Amino acid sequence: MGAHWHPRQQRQDYTLTMYFQQSWRDKRLSYSGIPLNLTLDNRVADQLWVPDTYFQNDKKSFVHGVTVKNRMIRLHPDGTVLYGLRITTTAACMMDLRRYPLDEQNCTLEIESSFKFLCHLWHNPVEGDKLADGYTTDDIEFYWNGGESAVTGVNNIELPQFSIVDYKMVSKRVEFTTGAYPRLSLSFRLKRNIGYFILQTYMPSTLITILSWVSFWINYDASAARVALGITTVLTMTTISTHLRETLPKIPYVKAIDIYLMGCFVFVFLALLEYAFVNYIFFGKGPQRQKKTAGRSGHATGEKSRLETNRVQVDDDYGNMILRALERRSDVSSSDVFTSLRDPRATAYTCNSASLEYRRAPPSRDLCTRSALDRHRLHKKGHLRRRASQIKVKIPDLTDVNLIDKWSRMVFPIMFILFNVVYWLYYVH
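Notes on the structure in this doc start here. Model, not experiment: these values are computed from the prediction. (Residues numbered from 1 in each chain as written. Predicted model: local features only at pLDDT ≥ 70, side-chain atom pairs only at ≥ 80, totals over all residues. Heavy atoms only, no water.)

**Examining the overall build of the protein chain**
Heads up, the condition is: Under the DSSP-based scheme used, a helix requires at least four consecutive residues in state H or I and a strand at least two consecutive residues in state E, with every element numbered from the N terminus. A simple rule labels every residue: compare its accessible area, found with a 1.4 Å probe on the protein chains alone, to the largest value its type can have, and call it buried under 20%, exposed over 50%, or partly exposed in between. Contacts are assigned to residue pairs with any non-hydrogen atoms lying within 4.5 Å of each other. Residue burial considers only the protein chains on display, and all accessible areas are found by Shrake-Rupley using a 1.4 Å probe.
Within the protein chain, the secondary structure is distributed over 6 helices and 12 strands. When burial is assessed residue by residue, the protein chain has 36% of its 429 residues classed as buried. For the protein chain, long-range pairs separated by at least 24 residues make up 74% of all intrachain contacts whose partners lie at least 6 apart in sequence. Of the accessible surface of the protein chain, which amounts to about 27400 Å², a share of 57% is contributed by carbon and sulfur atoms.

Listed below in structure tokens is the structure:
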């Protein structure tokens, strides 16, 4: 076996360069008198009988011809002929890529006697027309010369993507309508090297997925930064997947690497959707909910302001009297209160929810001054309350937004680690 071996999963074949040697005995070529083996010119092969051997799963083959045709003929005294060729063949190898690139493949080289075909004639067949076929087992038998040592050099082959784990040789007979034919099969078990894919696919995909989580630490109002980061990671994952598909055949089933890339793409896409949800809570749902709450509180504030205005009007009419949720005690009658209200010089009562207090009426100038100050103070207080309600509408509650980002920082890494554990345990073992 030669050192040139190039499996290609995209074309479902492999190319192999080898020294192919056949040996048979032809008594017509035996000789005596010279106890030596004779090495003949390669052109002598055209004058000798040679087996009609071909490769059953061959796509394209050729015999090397530099500087002359690479053929060797060696003749032994007993008529044994050793016929060697240097051949490069491209053989079909139907690969199962469901576990790609964590897969093992089995490629074979089928050696058989001649090519069997049927002659289709446009005219009626005449006597003598027959099937053209190779030598059956009645005429020729194929077997591996030397047993396990018939194939050498396999252990010295180094492949960039594969390692040859094992190989075996099989001799069998295959049945066709024209008879039974001998077949030799050389089977290779190949294990794909994962190092290339770790560096070119798995590691970049993992890093891109982790990069998408950086948006959870970026401020929620930095829309440009978070959206740009999310879209960039999504497009990068799409590019990696597209480049990988170009190197593989168009097969109907899902490969192992497709599952991993799709998982990474889902995590990256969910990170982008997470900010869309945060943005909706921050600028959409939150302000609407708080606007309704502010409306209800504003209505209650308006009612309270009207009550305060009425109290101010009482002050204007009767002096510095301020009424607060009056609760009369049993020892003070209503007639006493109204009597005091009619006479500004009388004793002024101040009532609250707990007690009823009274004091002497100050001079009329002090009454007017205090009344004006109270009206200004109440007006300013009502204006500040209205401004506060407007600010609450513009600045929503940030508790929900921060909570979403906080949970995302924990949930996304944990789920991704769990995804990797399940993936590698399943496909590696």
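There is more to say, and it comes next.
**Let's talk about the packing of aromatic side chains**
Filter applied, for reference: The pairing test for Phe, Tyr and Trp rings, Trp by its six-membered ring, is centres within 6.5 Å, and the orientation test on the planes gives stacked under 30 degrees, edge-to-face over 60, and tilted for anything in between. Each ring is checked for a lysine NZ or an arginine CZ that lies within 6 Å of its centre and within 35 degrees of its normal; such an atom marks a charge sitting over the ring.
Inspection of every chain in the model, using the stated rule, returns 22 aromatic pairs. Consider the rings of W24 and Y83, whose centres lie 6.2 Å apart with planes at 75°: the pair is edge-to-face. Of the two residues, W24 is situated in strand β2 (residues 13-25) and Y83 in strand β7 (residues 80-92); the sequence distance between them amounts to 59 residues. Given a relative accessible area of 13%, W24 falls into the buried group. For Y83, a relative accessible area of 8% translates into the label buried. Through a chain of ring-to-ring contacts, the aromatic side chains of Y202, W213, Y260, F267, F416, F419, Y423, W424, Y426 and Y427 assemble into a single cluster. Between R98 and the ring centre of Y253, over which it is positioned, the NZ or CZ distance is 4.3 Å. Its guanidinium or amino end placed over the ring of Y426, R99 lies 5.9 Å from that ring's centre, counting from NZ or CZ.

**With respect to the sheet that holds strand β9 (residues 162-176)**
Rule in force here: At least two DSSP bridges between two strands are required for those strands to pair. Whenever a helix is involved, its axis is fitted only over the stretch in contact; in every case the axis is a line through C-alpha atoms, and angles between N-to-C directions fall within 0 to 180 degrees.
The strand order β4-β8-β10-β9 describes an open sheet built from 4 strands, whose pairing is antiparallel. Pairing within the sheet leaves two strands with one partner each, and these edge strands are β4 (53-55) and β9. Across the sheet, the axes of successive neighbouring strands diverge by a mean angle of 20°, strand direction being ignored. Here strand β8 (residues 104-113) pairs with strand β10 (residues 179-192) via 9 bridges, running antiparallel. By the bridge assignment, Q105 is partnered in β10 with L190.

**Considering the state of the cysteines**
Threshold: The disulfide criterion used throughout: a pair of cysteine sulfur atoms within 2.5 Å.
Enumeration according to the criterion identifies 1 disulfide in this entry. Here C93 connects covalently by a disulfide to C107, the sulfurs 2.0 Å from one another. Because the sign of the S-S torsion sets the handedness, a value of about -80° for the bond joining C93 and C107 places this disulfide among the left-handed ones. With C93 in the loop between β7 and β8 and C107 in strand β8, this pair connects stretches of sequence that are 14 residues apart. Judged by its relative accessible area of 2%, C93 falls in the buried class.

**Quick look at a nonpolar patch on the surface**
Stated formally: Patch membership requires more than 30% relative accessible area and the absence of a salt bridge. Residues of like charge join within 9 Å; the nonpolar side chains Val, Leu, Ile, Met, Phe, Trp and Tyr join within 5 Å. Basic side-chain nitrogens of Lys or Arg form a salt bridge, by our definition, when they fall within 4 Å of a carboxyl oxygen of Asp or Glu.
A cluster of nonpolar side chains, contributed by L403, W407, M410, V411, I414, M415, L418 and V422, occupies part of the molecular surface with about 770 Å² of accessible area. With respect to the secondary-structure elements, M415 resides in helix α6 (residues 399-428). On the basis of relative accessibility, which here comes to 41%, the residue M415 falls in the partly exposed class.

**Concerning the pattern of salt bridges**
Overall, the coordinates contain 12 salt bridges when judged by the stated rule. Here R28 and D26 are joined by a salt bridge, their closest N and O atoms 3.0 Å apart. Judged by its relative accessible area of 66%, R28 falls in the exposed class. Since its relative accessible area comes to 10%, D26 is described here as buried. A salt bridge links E112 to R183, with the shortest nitrogen-to-oxygen separation between them at 2.5 Å. Remark: R183 occurs in strand β10 and E112 occurs in strand β8; sequence separation between them is 71 residues.

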